[in-house]
Amino acid sequence: MPIQGETDATACQGRARPHRRDGARGRDGFTITLVGAARPGPATMKTPQNPYDVDGFHAEAIAAGRHRDVVGGRWEETGRVQMALLRDAGLMPHHHLLDIGAGSLRLGCKAVPYLEPGHYWATDASRALLLAGHAAELTEPSHLSPDHLIEDARFDYPGVPGCITHAIAFAVFPHLPMAHLRRALTNLRRFDRIETFFFTVFLVPDAAQAATAYRQPDGVVTHDIRPPYHILPEDVDHMARMTSWQAARSPLRLPRGQVLYTAQPIR
């Protein structure tokens, strides 16, 4: 539902620290407080940046042992949801999974033991965060080579082999302008063996409401020009078609009101 009286003039500056208070939201909807910032006046207000882009954000969180908090709350619940939807969709141990925006391996700590050795790959804008998850969250770290953990903020998938059969980007695109979804879809087409790509977004019913702050079913407030972002269902359909994917909306209810899409390549 639209939020009355809310504006985009809530600029955040300074260092970032994960915390469950009012502020920018974590990857699945928990808040992240940007600290050390002066309150801007009318002449200095601007659209707030993505907190993950703030210098030192990941390093500070990892040093404080908050590698889980960086990707939001509901760690166990969300990881189980991701793994369950993959298995329900037919992911088998012999398949090859690409976990896009994998963070500190919330899904990876469950997928690595399930998949055959060497069949899990992960990308994230912060390799340090991937490595923190590798060190802290895997029951058998030797089962996942660090070479499979790749820094990639551009959805180029550098170094990821062509054997990928499944890909997932869970709670990634709500934090990025929609062009990143189009880029992700486009570049995934280079994987000739890919069967399915799962991704989540926040939706808004129509263009008029898309131009306002909008409250999602679980209470998260989303926006069109600052994170967390929402988009129209028609936007998803159009980007999928233009990049040769057939995308279907899932009826599953996900944490924070995100909507799951399942996309198959059009060949």
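As the structure is a computational prediction, the values presented were derived from the model and not from experiment.

(A) Highlighting the overall build of the chain. Secondary structure assignment for the chain yields seven helices and 12 strands. A total of 267 residues make up the chain; the buried ones form 53% of that total. Within the chain, contacts between residues separated by at least 24 positions form 69% of all contacts whose residues are at least 6 apart in sequence. Only carbon and sulfur atoms are counted for the fraction: they give 52% of the accessible area of the chain, which is about 12100 Å².

(B) Structural view of helix 7 (residues 233–242). For helix 7, every residue scored as buried is listed here: Pro233, Val236, Met239 and Ala240. The buried residues of helix 7 occupy one face: seen down the axis, they fall within an arc of 135°. When the buried face of helix 7 is taken as reference, the exposed residues oriented beyond 90 degrees from it are Glu234, Arg241 and Met242. Looking at the buried side of helix 7, the elements it contacts are helix 5 (179–188), strand 8 (196–201), strand 11 (245–249) and strand 12 (259–265). At the C-terminal side of helix 7, serine 244 shows a positive phi close to 70°.

(C) Structural detail: the environment of proline 255. Within the element layout of this structure, proline 255 appears in the loop between strand 11 and strand 12. A C-alpha to C-alpha distance of 7.1 Å links proline 255 and threonine 78, two positions 177 residues apart in sequence. Contact partners of proline 255, with chain neighbours within four places excluded, come to Arg74, Glu77, Thr78, Phe170 and Asp218.

(D) Region of interest: the packing of aromatic side chains. One pass over the full model with this rule turns up six aromatic pairs. Between the aromatic rings of phenylalanine 173 and phenylalanine 199, the centroid separation amounts to 6.3 Å while the plane-to-plane angle is 85°, which identifies the pairing as edge-to-face. With phenylalanine 173 in the loop between strand 7 (166–169) and helix 5 and phenylalanine 199 in strand 8, the pair connects residues that are 26 residues apart, well separated along the chain. Considered together, phenylalanine 173 and phenylalanine 199 belong to a single accessibility category, that of buried residues. An aromatic cluster is present here, built from Phe155, Phe173, Phe197, Phe199, Trp245 and Tyr261 joined pairwise through their rings. The lysine or arginine in question, arginine 189, covers the ring of tryptophan 245, its NZ or CZ lying 5.8 Å from the ring centre.

(E) Looking closely at unusual backbone geometry. Cis geometry marks the peptide bond from proline 227 to proline 228; its omega dihedral reads -5°. Topologically, proline 228 is positioned in the loop between strand 10 (221–222) and helix 7. Positive phi, normally seen in glycine, also occurs at leucine 105, with a value near 70°. Structurally, leucine 105 can be placed in the loop between strand 4 (97–100) and helix 3 (108–114). Backbone geometry places serine 244, a non-glycine residue, at a positive phi of 70°. With respect to the element layout, serine 244 can be found in the loop between helix 7 and strand 11. Looking at serine 244, the relative accessible area reads 31%, which means it is partly exposed.

(F) Up close: the sheet that holds strand 8. The sheet built from seven strands is open, its strands ordered 6-5-4-7-8-12-11 with mixed pairing. Two strands in the sheet have a free side with no partner beyond their single neighbour: strand 6 (149–151) and strand 11. Neighbour-to-neighbour, the strand axes of the sheet open up by a mean angle of 20°, direction not taken into account. Across the sheet, helix 2 (residues 75–88) is in contact with strand 4, strand 7, strand 8 and strand 12; its angle to strand 7 comes to roughly 150°.

The rules behind the values
- Residues numbered from 1 in each chain as written.
- Predicted model: local features only at pLDDT ≥ 70, side-chain atom pairs only at ≥ 80, totals over all residues.
- Heavy atoms only, no water.
- Helix = DSSP H or I, 4+ residues; strand = E, 2+ residues; numbered from the N terminus.
- Buried < 20%, exposed > 50% of the residue type's maximum accessible area, 1.4 Å probe, protein only.
- Contact = heavy atoms within 4.5 Å.
- Areas by Shrake-Rupley, 256 points an atom, 1.4 Å probe, with all protein chains shown as cover.
- Arc of directions from axis to C-beta.
- Phe/Tyr/Trp six-rings, centres within 6.5 Å; stacked < 30°, edge-to-face > 60°.
- Lys NZ or Arg CZ within 6 Å of the ring centre and 35° of its normal.
- Pairing = 2+ DSSP bridges.
- Axes fitted to C-alpha atoms, helices over the stretch in contact; angles between N-to-C directions.

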